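# Observations on the model geometry
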Amino acid sequence: MNFWLVKSEPDSFSLEDLQSRPNATEMWDGVRNYQARNNLKSMKQGDQVFFYHSSCKVPAIVGIAEVVREHYLDPTASNPDHSGFDPKHSEEKPKWYAVDVQFKQAFKSPITLSWIKQQKELQDISLISKGSRLSVMPIDAKHWEYIVARAR
DNA sequence: GCCAACGTTGGC
DNA sequence: GCCAACGTTGGC
């Protein structure tokens, strides 16, 4: 099993929004960065995902989701009315993908970015590596364990 | 709102 | 293929 982190602005889609979806499941679409997309394609069913709230008052990992459907064509890339429309994307020549994620758990106390930065055990986590703005990134098992242990 | 750190685009 | 200009992300 692998571990990941996805970012979302809570104003547009929060962990609570995911929890309130039918079956607590939502399509994770709109990824338009090649490196993030490659990470998305590497996700396997059952992989565990940190849900991170970005661009908000207290940026933090707020809970856990699970990959319940592996990558498939991102329908928003084929929709001219969608902001993520990409004319170079097609079924014949796919560029962009989505996965389905399901809500698993909301942390009682979110793991804040500022706390993460203070932990010497987390200094090499991808989230705070220099200039990392990826919306989908892998998380080392040891970092996952350390954060989950704190969040319980 | 500022700005650093990217990624992308497009002229050449 | 280079690189300047531009757009985006996201913390602060």
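Residues numbered from 1 in each chain as written. Chains lettered and ligands numbered in written order. Predicted model: local features only at pLDDT ≥ 70, side-chain atom pairs only at ≥ 80, totals over all residues. Heavy atoms only, no water.

For the rest of this paragraph, the subject is the protein's contact with DNA strand B. As a matter of local geometry, DNA strand B sits amid N33, Y34, K130, G131 and R133. Close to the protein, within 4 Å, the atoms of DNA strand B belong to sugar or phosphate groups at a rate of 65%. Take R133: an N or O atom from its side chain is 2.7 Å from a base oxygen of DNA strand B. For the surface near DNA strand B, the residue count by class is one nonpolar, two polar and two charged. (Near = heavy atom within 4 Å. Polar contact = N/O pair within 3.5 Å; in protein donor to acceptor, adjacent residues only side chain to side chain. Nonpolar A, V, L, I, M, F, W, Y, C, P; charged D, E, K, R; others polar.)

Below, the discussion takes up helix α4 (residues 141–151). Those residues of α4 that fall on the buried side of the exposure criterion are H143, W144, I147, V148 and A151. Along the axis of α4, the buried positions cluster into a sector of 125 degrees, meaning they face one direction only. In α4, the exposed positions that point more than 90 degrees away from the buried face belong to K142 and A149. Those residues of α4 hidden inside the fold are in contact with β1 (3–8), β3 (48–53), β4 (60–73), β5 (97–112) and β6 (136–139). (Buried < 20%, exposed > 50% of the residue type's maximum accessible area, 1.4 Å probe, protein only. Helix = DSSP H or I, 4+ residues; strand = E, 2+ residues; numbered from the N terminus. Arc of directions from axis to C-beta. Contact = heavy atoms within 4.5 Å.)

On to helix α2 (residues 34–42). Where α2 is concerned, the buried positions are A36, R37, N39 and L40. The buried residues of α2 occupy an angular sector of 160 degrees when the element is viewed end-on, so they sit on one face. Where the residues of α2 are buried, they touch β1, β2 (25–28), β4, β5 and β6. For α2, the N-terminal capping position is held by N33, with its side-chain oxygen 3.0 Å away from the main-chain nitrogen of Q35.

Let's shift gears to the confidence of the model for chain A. Taken over all residues, the pLDDT of chain A has a mean of 93, while the share at 70 or more is 100%. Element-level mean pLDDT values for chain A span from 93 in α2 up to 97 in β3. (pLDDT = per-residue confidence, 0-100.)

Right, let's get into the pattern of salt bridges. Under the defined criterion, the tally for this structure stands at six salt bridges. Where E66 meets K104, a salt bridge forms, and the shortest distance between an N and an O atom there is 3.7 Å. Pair noted here: E66 is in strand β4 and K104 is in strand β5, with a separation of 38 residues, a long-range link. (Salt bridge = Lys/Arg side-chain N within 4 Å of Asp/Glu carboxyl O.)

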